[in-house]
Amino acid sequence: MVDHAKAQAAGAERRLQELGIALPPPPTPFGAYVEAIRTGNLVFFSGMLPVVGHEPRYIGRVGGVLTAEDGRKAAETATLSALAAARDHLGSLDRVVRVVKLGVYIATEGDFRDHPKVADGASEMLLAVFGEEKLSGRVVLGVASLPLGLPIELELVLEVED
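All residue numbers here refer to positions counted from 1 along the written sequence of the relevant chain. For this predicted model, a pLDDT threshold of at least 70 governs which residues receive local features, and a threshold of 80 or more governs which side-chain atom pairs are given and counted, while totals over whole chains, interfaces and linings are taken from all residues. Excluding hydrogens and water, the side-chain figures rest on all heavy atoms present in the structure.

J.: I would appreciate a short explanation of the pattern of salt bridges in the present structure.
T.: A side chain with one charge can pair with a side chain of the opposite charge if their charged atoms come near. Criterion for a salt bridge: a side-chain nitrogen of Lys or Arg within 4 Å of a carboxyl oxygen of Asp or Glu. Under the definition given, this model contains 8 salt bridges. Measuring nitrogen to oxygen at the nearest pair gives 2.3 Å for the salt bridge that ties R72 to E124. A residue pair is termed long-range when its members are at least 10 positions apart, and R72 in helix α3 (residues 68–90) and E124 in helix α4 (residues 115–130) qualify at 52 residues. For R138, the salt bridge is made with D120, and the minimal N-O distance between the two is 2.9 Å. With R138 in strand β6 (residues 138–143) and D120 in helix α4, the pair connects residues that are 18 residues apart, well separated along the chain. Buried residues are those whose accessible area, probed at 1.4 Å on protein chains only, stays under 20% of the maximum for their type, while exposed residues exceed 50% and partly exposed ones sit between those limits. On the basis of relative accessible area, D120 is assigned to the partly exposed category, the value being 24%. Comment: elements are numbered from the N terminus, with helices defined as DSSP H or I runs of at least four residues and strands as E runs of at least two.

J.: Before we go on, may I ask you to explain the pairing of strand β7 (residues 152–160) in this structure?
T.: On a regular strand, one side chain projects to one face of the sheet and the next to the other, so that they alternate. Taking burial as the measure, the 9 residues of β7 include 7 buried ones, the bulk of the element. Both strand β2 (residues 42–48) and β7 contribute to a ladder of 5 bridges, which runs antiparallel. Each bridged residue has a counterpart across the sheet, and for F44 the counterpart in β7 is V157. The rule for pairing is simple: two strands pair if DSSP sees at least two bridges between them. Taken together, the 9 bridges between strand β5 (residues 96–107) and β7 define a ladder with antiparallel strand orientation. Paired with V99 across the bridge in β7 is L158.

J.: Please explain the pairing of β2 as it appears in this structure.
T.: Where strand β1 (residues 36–39) lies against β2, 4 bridges are found, and the strand directions are antiparallel. Bridge pairing in β2 places I37 opposite F44. Connecting β1 to the antiparallel partner β2 that follows it, the hairpin turn spans 2 residues, and G40 within it adopts a positive phi of roughly 60 degrees.

Geometric values such as these leave the question of function open.
In structure tokens, the structure reads:
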């Protein structure tokens, strides 16, 4: 387990090492768009999905064929894809000044209510990598469906140094 005081002083790249997290290959688009675009000091990431190497890791709705814990793991996977895209775009996660926005979209069955528990999979991964001082607020929404039948899509905006 990582000492949080020590991890807070370390950069994001070092935290990944300390946590034993190996990022997947950077995601590639499923259509006619780019994974990331920078304007000024902000980097906007296209919807990040729980895929590795263009292969879905989870398919289905949370509260249906997938449990809340499955949804949480899918959110973690989507976050790792986002971090891989960020590293690919920036060269290093140490260039991240702060997480500006996190949106977590969850494909759910109509009566599902544990959205925050699922979204914590993404928030807690960002917290572990960037530290509390760089964490943002978030929006969590349950939706009827997401691309490719996936349970999670993340919206992420990062502020970066020049």
